[in-house]
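Inside the fold
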Amino acid sequence: MKTGLFLPALVSLGPYVAGAVQALINEGRLKFDVVGASSGAVIPGAFVATGQIDRLVDLWQVWENRDIMGIDWRTLFKGALLWSPSFMTNQPEFQTGIDKYIAEAKLLPGVRFRFHVANLSTGEEEVLEYPGASMPFQTALHAAVAVPVMFSAVEYKGMQLADGATLNGSPLEKLMLCTDGERVFIVGVAPQVPLVHPAKNALNTLQTALEWNQFSEELISLEQANELNMLLQVWETDRRMVEQLVKDLAPELLSEVHRRYHETAFLPERAPIEIISVFPQQKLEGLFGDFKPAYSRLLLERGRQDALQILERIG
């Protein structure tokens with residue numbers, strides 16, 4: 001069975017995703033033929049696609065804010081704040097989490113790694129797949145996590161490239177469900193139940209609104225994929241029923257039935273895919289850029305336990 005793993009944009013809750021994926025791989029003995037990721041999830045996706053999930057979990061247990069990002073004071077002063085290309089730098093992230101461990105040559109044999117970037121020069125979303133894409137692997141990874149305003153866009157062939165979530169926050173269908181897989185695991189951070197405590201102030205309200213804006217994209221893309229799956233299942237069932245009836249009653253018309261199906265306006269481009277999601281039951285706490293080893297270890301275990309429950313449910 002061809003199995004895929006999709007990691008949508010994960011705000012700042014990367015340890016939860018890393019813990020869940022480690023459980024799927026180590027305890028669940030799952031091997032992923034395709035790994036798709038968006039935005040910051042491209043980093044854990046790259047570790048999975050190169051067979052280094054255990055290393056990523058080890059890193060999350062010691063990573064702090066300074067290992068991920070920092071304020072680019074020189075650029076801010078030089079650009080007089082508002083005229084700067086960005087407010088912060090994620091060079092530490094490249095040094096500790098990308099360039100040091102990740103390379104195209106390290107991709108596991110037979111594994112397809114797919115992610116997207118936003119072309120700010122054309123306003124188009126570009127889907128990249130490795131091995132195979134012409135853009136240098138490291139350049140593409142840097143662009144995929146270049147959140148506009150926060151970090152500088154990546155220049156490539158006269159174009160400005162940035163975080164793909166700028167244009168599409170959860171490209172489930174485009175990155176994963178079009179790859180001829182039969183089963184897909186989605187590991188995200190969108191809570192499954194409403195928030196227990198309301199926002200207490202304007203800043204907290206803004207944070208909650210921004211988070212739900214991103215969470216909702218995960219949930220909507222999942223809902224749309226399930227609706228399409230149902231439509232495809234109905235289509236396939238009806239098609240097989242019609243073909244069997246024609247075969248039993250008038251087999252000489254079977255070729256005509258095939259022709260009519262081929263000419264129809266609705267031609268499914270893929271078969272129904274089993275979708276298994278791993279999401280936290282309730283909202284996980286954690287501000288963007290608030291990385292603390294002790295809390296990261298809690299998130300790692302939380303993700304692991306949620307994944308183990310899913311593994312037990314599906315047998």
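Presented here is a report on the structure given in the accompanying data block.

Next up on the list: the overall build of the protein chain. Helix and strand content of the protein chain: 11 helices and 10 strands. For 315 residues, the compact-globule formula gives about 20 Å, and the C-alpha radius of gyration of the protein chain, at 22 Å, lands near that figure. Seen through its principal axes, the protein chain has C-alpha atoms that stretch 80 × 45 × 40 Å. Expressed as a percentage of its 315 residues, the buried residues of the protein chain come to 46%. For the protein chain, the proportion of contacts with a sequence separation of at least 24, taken over those separated by at least 6, is 76%.

A cluster of nonpolar side chains, contributed by Met241, Val242, Leu245 and Leu249, occupies part of the molecular surface with about 400 Å² of accessible area. Residue position: Leu245 is located in helix 9 (residues 202–249). Classification of Leu245 as partly exposed rests on a relative accessible area of 48%.

Moving on: the pattern of salt bridges. For the structure shown, the criterion picks out 7 salt bridges. Among the ionic pairs, Glu274 bridges to Arg183, the shortest N-O distance being 3.0 Å. Note that Glu274 is positioned in strand 10 (residues 274–278) and Arg183 in strand 9 (residues 183–187), a separation of 91 residues in sequence. Judged by relative accessible area, Arg183 falls into the buried class, the value being 18%. Via salt bridges that share partners, Glu27, Glu301 and Arg304 belong to a single interconnected network.

Moving on: the side chain of Lys283. Mapped onto the fold, Lys283 is located in the loop between strand 10 and helix 11 (293–314). Under the relative-accessibility criterion, Lys283 is labelled buried at 16%. Setting aside residues up to four positions removed in sequence, Lys283 forms contacts with Pro191, Leu195, Gln207 and Glu211.

Where helix 1 (residues 14–26) contacts helix 3 (residues 53–60), the axes come no closer than 9 Å and their chain directions differ by 145°. The element helix 1 and its partner helix 3 pack so that their crossing is left-handed. Within the contact between the two elements, helix 1 uses Gly14, Pro15, Ala18, Val21, Gln22, Ile25 and Asn26 and helix 3 uses Ile53, Asp54, Leu56, Val57 and Trp60. Residues of the contact of helix 1 with helix 3, tallied by class, amount to 8 nonpolar, 3 polar and 1 charged.

Looking now at the nonpolar core. The tendency in soluble globular proteins is for nonpolar side chains to be buried as a group. Phe113, Phe115 and Val187 are the most contacted members of the largest nonpolar core, which totals 77 residues. It is helix 1 that provides the largest number of residues to this core, a total of 7 residues. Not counting residues within four places of it along the chain, the set of residues in contact with Val187 comprises Leu5, Phe6, Leu7, Pro8, Val17, Ala20, Val21, Leu24 and Val278.

With that settled, consider the pairing of strand 9. Most of strand 9 sits inside the fold, with 5 of its 5 residues counted as buried. Covered by surrounding structure in strand 9 are Arg183, Phe185 and Val187 together with Val184 and Ile186, the residues of both alternating faces. Of the pairings in the sheet, the one linking strand 1 (residues 3–7) to strand 9 comprises 4 bridges and is parallel in character. Within the sheet, the bridge partner assigned to Gly4 lies in strand 9 and is Val184.

Moving on, we get to the pairing of strand 6 (residues 124–130). Across 7 bridges, strand 5 (residues 112–119) lies against strand 6 in antiparallel orientation. By the bridge assignment for strand 6, Arg114 is matched with Glu129. Between strand 5 and strand 6, which pair antiparallel and follow one another directly, the connecting turn spans 4 residues, one of which, Gly123, has a positive phi of 75°.

Attention shifts here to the packing of aromatic side chains. Scanning all chains against the criterion turns up 8 aromatic pairs. Ring centres of Phe32 and Phe185 lie 6.2 Å apart, and the angle between their planes is 75°; this geometry places the pair in the edge-to-face category. Here the residue Phe32 occupies a position in the loop between helix 1 and strand 2 (34–37), and Phe185 occupies one in strand 9, the gap between them amounting to 153 residues. Of the two residues examined, Phe32 and Phe185, each falls in the buried class. Here Phe113 and Phe137 contribute two aromatic rings whose centre-to-centre distance is 6.2 Å and whose plane-to-plane angle is 70°, an arrangement assigned as edge-to-face. Residue Phe113 is found in strand 5, and its partner Phe137 is found in helix 7 (residues 137–144); the two are separated by 24 residues along the sequence. With respect to burial, Phe113 and Phe137 carry one shared label: buried. Chaining the aromatic ring pairs together yields one cluster made of Phe113, Phe115, Tyr130 and Phe137.

Thresholds applied
- Residues numbered from 1 in each chain as written.
- Predicted model: local features only at pLDDT ≥ 70, side-chain atom pairs only at ≥ 80, totals over all residues.
- Heavy atoms only, no water.
- Helix = DSSP H or I, 4+ residues; strand = E, 2+ residues; numbered from the N terminus.
- Rg over C-alpha atoms; globule rule 2.2 N^0.38 Å.
- Buried < 20%, exposed > 50% of the residue type's maximum accessible area, 1.4 Å probe, protein only.
- Contact = heavy atoms within 4.5 Å.
- Patch = residues over 30% accessible without salt bridge, like charges linked within 9 Å, V, L, I, M, F, W, Y side chains within 5 Å.
- Areas by Shrake-Rupley, 256 points an atom, 1.4 Å probe, with all protein chains shown as cover.
- Salt bridge = Lys/Arg side-chain N within 4 Å of Asp/Glu carboxyl O.
- Axes fitted to C-alpha atoms, helices over the stretch in contact; angles between N-to-C directions.
- Left-handed = near helix turned anticlockwise from the far one by under 90°.
- Nonpolar A, V, L, I, M, F, W, Y, C, P; charged D, E, K, R; others polar.
- Core = buried A, V, L, I, M, F, W, Y, C linked by side-chain atoms within 4.5 Å.
- Pairing = 2+ DSSP bridges.
- Phe/Tyr/Trp six-rings, centres within 6.5 Å; stacked < 30°, edge-to-face > 60°.

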